[in-house]
Amino acid sequence: MNRDFVYLDYAATTPADPRVIDAMQSCMGAGGTFANPASVHIAGRKSAAIVADARQKVATLLGTEPGRLIWTSGATESNNLAIRGAAMARANRGKHLISMPTEHKAVADTFRALAREGFDVTWVRPDEYGVLDIDELAAAIREDTQLVSVMHVNNETGAIQDIRAIGDLCRARDVLFHTDAAQSAGKLELDLNDLPVDLLSLTGHKFYGPQGVGVLYIADRPHCNVLPIMFGGGQEKRIRPGTLPAHLIAGLGTAATLAFAEHDQDLRHVSALGNRMWAGIADIEGLQRNGPAEGGYPGILNVGIADIEGESLMLAMEPVCVASGSACNSTSGEPSYVLRALGRSDMEAQSAVRFSFGRMASEGDIDIAIERYRFAVDHCRSISPVS
Ligand SMILES: *Cc1c(COP(=O)(O)O)cnc(C)c1O
């Protein structure tokens, strides 16, 4: 265990499970299964078998068939490929696309790029908890709408969208439905044989797999396909070229099997930690919870205090690792656009702290985080008394 810091930033990335590391190690070096899976020789065939096995493991996790899965470098690439690829594949039928302002940048900025290239994008706003109103989505769908993209679990607030209801609506209106499941895959149950989802993105490192590998699921339905966005070798059905990284794929496969087997235990664990954290800070004066108080993913807890400046709060939290206003915005210093879309002011958004919990975090970690957060709030109030 790392003793230099207390890690409560699992929504940014998770440490790899030791069993994932073992699987990856067996692929590396001259004694390992390192060969190019596309090579026809015996070493290549061994790598291809590793890839096939991992594909089956991810398929089992998602309740689908291995043939539906495309390996990518992570959810960023899966989102780009799903959205741009589907928009291009269906451009001759119409150019209207729908998403939400609370999406991850990998989704939102892909739509913005398409808007600059002549597509027409409608942004459906969430309610104050970050949840989509299905009637507003229904009203936004037009004759020429081709694609709706709404994430499953929000990475900043833990808000969960009703992807079954969204998918049912999209199917009834002959629109493709993509969901960014980077924060839910391996954590919440996903049964794609049953769910009306056409395209789904996930990434290994949000559920104890390695960074740099992900999956795009493409449903086997008429008019559900994506055009490639990169060109090269013929890998992955000519949809996504590039030599497959057998070690990363083996790690992701193992992470999928672990998540499938330990799902209940993982969920109970993060719920207990989240509840403990909330119980330890809820009485702080002026504390606001960002996102749903109930019904969200229990592994994410986002709180803010309007009269406190986010950066000094983060510094005073050391050595507890949490995310500020937004993990992705923390270098830009901009208040989180996700929290702004929930109606929070710049000040409120800037003071936000996201605690996120996972498999290797302990109750002791939570107790340290509670103590540090309370200390940090008092400290910030003492150096800049607002009232
Ligand atoms: C982490 C994350 C991504 C990006 O995943 P990468 O593996 O960094 O490409 C996309 N969407 C959401 C919701 C995420 O949490």
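Residues numbered from 1 in each chain as written. Predicted model: local features only at pLDDT ≥ 70, side-chain atom pairs only at ≥ 80, totals over all residues. Heavy atoms only, no water.

Q: Which residues make up the overall build of the chain, and what values do they have?
A: Secondary structure summary: the chain contains 11 helices and 13 strands in total. For the chain, whose C-alpha radius of gyration is 21 Å, the value lies close to the compact-globule estimate of 21 Å for 387 residues. Judged by the C-alpha coordinates and their principal axes, the chain covers about 70 × 55 × 35 Å. Expressed as a percentage of the 387 residues in the chain, the buried residues total 55%. Only carbon and sulfur atoms are counted for the fraction: they give 52% of the accessible area of the chain, which is about 16200 Å². Positive and negative side-chain charges in the chain, numbering 35 and 47 respectively, have mean positions lying 7 Å apart. (Helix = DSSP H or I, 4+ residues; strand = E, 2+ residues; numbered from the N terminus. Rg over C-alpha atoms; globule rule 2.2 N^0.38 Å. Buried < 20%, exposed > 50% of the residue type's maximum accessible area, 1.4 Å probe, protein only. Areas by Shrake-Rupley, 256 points an atom, 1.4 Å probe, with all protein chains shown as cover. Lys, Arg positive; Asp, Glu negative; His and termini not counted. Charge placed at Lys NZ, Arg CZ, Asp CG, Glu CD.)

Q: A description of the site of the ligand should follow, citing residues and the corresponding values.
A: Around the ligand, 13 residues are found, and the nearest of them are Thr76, Asp180, Gln183, Thr203 and Lys206. A distance of 2.6 Å is found between an oxygen atom of the ligand and a side-chain nitrogen or oxygen belonging to Thr76. A distance of 2.7 Å separates an oxygen atom of the ligand from a polar side-chain atom of Gln183. Contact with the protein chains covers 86% of the free accessible surface of the ligand, which is 390 Å². A breakdown of the residues in the shell around the ligand according to their chemical character gives three nonpolar, eight polar and two charged. (Near = heavy atom within 4 Å. Polar contact = N/O pair within 3.5 Å; in protein donor to acceptor, adjacent residues only side chain to side chain. Nonpolar A, V, L, I, M, F, W, Y, C, P; charged D, E, K, R; others polar.)

Q: Before we move on, can you summarise empty space enclosed by the protein with the specific residues and values?
A: Here the idea is plain: a probe the size of a water molecule rolls over the atoms and shows the empty space left. Applying the stated criterion across every chain, the model contains two cavities of 30 Å³ or more. If you add up the space inside the largest cavity, you get close to 50 Å³. In this structure, the largest cavity is lined by Gly186, Lys187, Tyr208, Asp266, Leu267, Val270 and Tyr297. Here the lining of the largest cavity is built from residues that sort into four nonpolar, one polar and two charged. In this model, the second largest cavity occupies a volume close to 40 Å³. Lining the second largest cavity are Thr102, Gly130, Met151, Asn154, Thr157, Ala159, Gln161, Val338 and Leu342. Here the residues of the lining of the second largest cavity are counted per class, giving four nonpolar, five polar and no charged. (1 Å grid on protein atoms, 1.4 Å probe; cavity = no way out; pocket = protein on both sides within 12 Å on 5 of 7 lines; lining within 4 Å. Points joined across faces, edges and corners; volume = space filled by probe spheres on them.)

Q: Can you lay out the domain arrangement of the chain for me, pointing to particular residues and giving the numbers?
A: Partitioning the chain into domains gives domain 1 (6–14 + 263–383) and domain 2 (18–261). Distance between the C-alpha centres of domain 1 and domain 2: 27 Å. Contacts between the two partners involve 29 residues from domain 1, matched on the other side by 34 residues from domain 2. Of the roughly 2700 Å² buried at the junction of domain 1 and domain 2 (both faces included), carbon and sulfur atoms supply 53%. Our enumeration of links across domain 1 and domain 2 arrives at zero salt bridges. Our count for the domain 1 to domain 2 interface comes out at 14 residue pairs in polar contact (both at pLDDT 80 or more). Of all elements in the fold, only helix H7 (246–281), strand S10 (300–305) and helix H9 (337–341) reach the threshold of two or more residues within the side of domain 1 that touches domain 2. Top element by residues in the side of domain 1 that touches domain 2 is H9. It accounts for four residues. (Domains from an automatic or database assignment. Contact = heavy atoms within 4.5 Å. Buried area = accessible area lost by both parts, 1.4 Å probe. Salt bridge = Lys/Arg side-chain N within 4 Å of Asp/Glu carboxyl O.)

Q: Account for the packing of aromatic side chains, naming residues and giving values.
A: Evaluated as defined, the whole model comprises five aromatic pairs. Every member of this aromatic cluster is reached through a ring pair, and the members are Phe5, Tyr7, Tyr10 and Tyr208. Here the basic side chain of Arg112 rests over the ring of Trp123, its NZ or CZ set 5.1 Å away from the ring centre. Sitting over the ring of Trp278, Arg289 keeps its end group 4.7 Å from the ring centre. (Phe/Tyr/Trp six-rings, centres within 6.5 Å; stacked < 30°, edge-to-face > 60°. Lys NZ or Arg CZ within 6 Å of the ring centre and 35° of its normal.)

Q: Help me get a handle on the nonpolar core, residues and values and all.
A: Grouped together as the largest cluster of nonpolar side chains are 102 residues, with contacts concentrated most on Leu8, Ile281, Phe355 and Tyr373. Counting residues domain by domain, this core receives three or more from each of domain 1 (6–14 + 263–383) and domain 2 (18–261). For Tyr373, the contacting residues outside a window of four places in its chain are Ile281, Ile284, Leu287, Val303, Ile305, Leu313, Met317, Val353 and Phe355. (Core = buried A, V, L, I, M, F, W, Y, C linked by side-chain atoms within 4.5 Å.)

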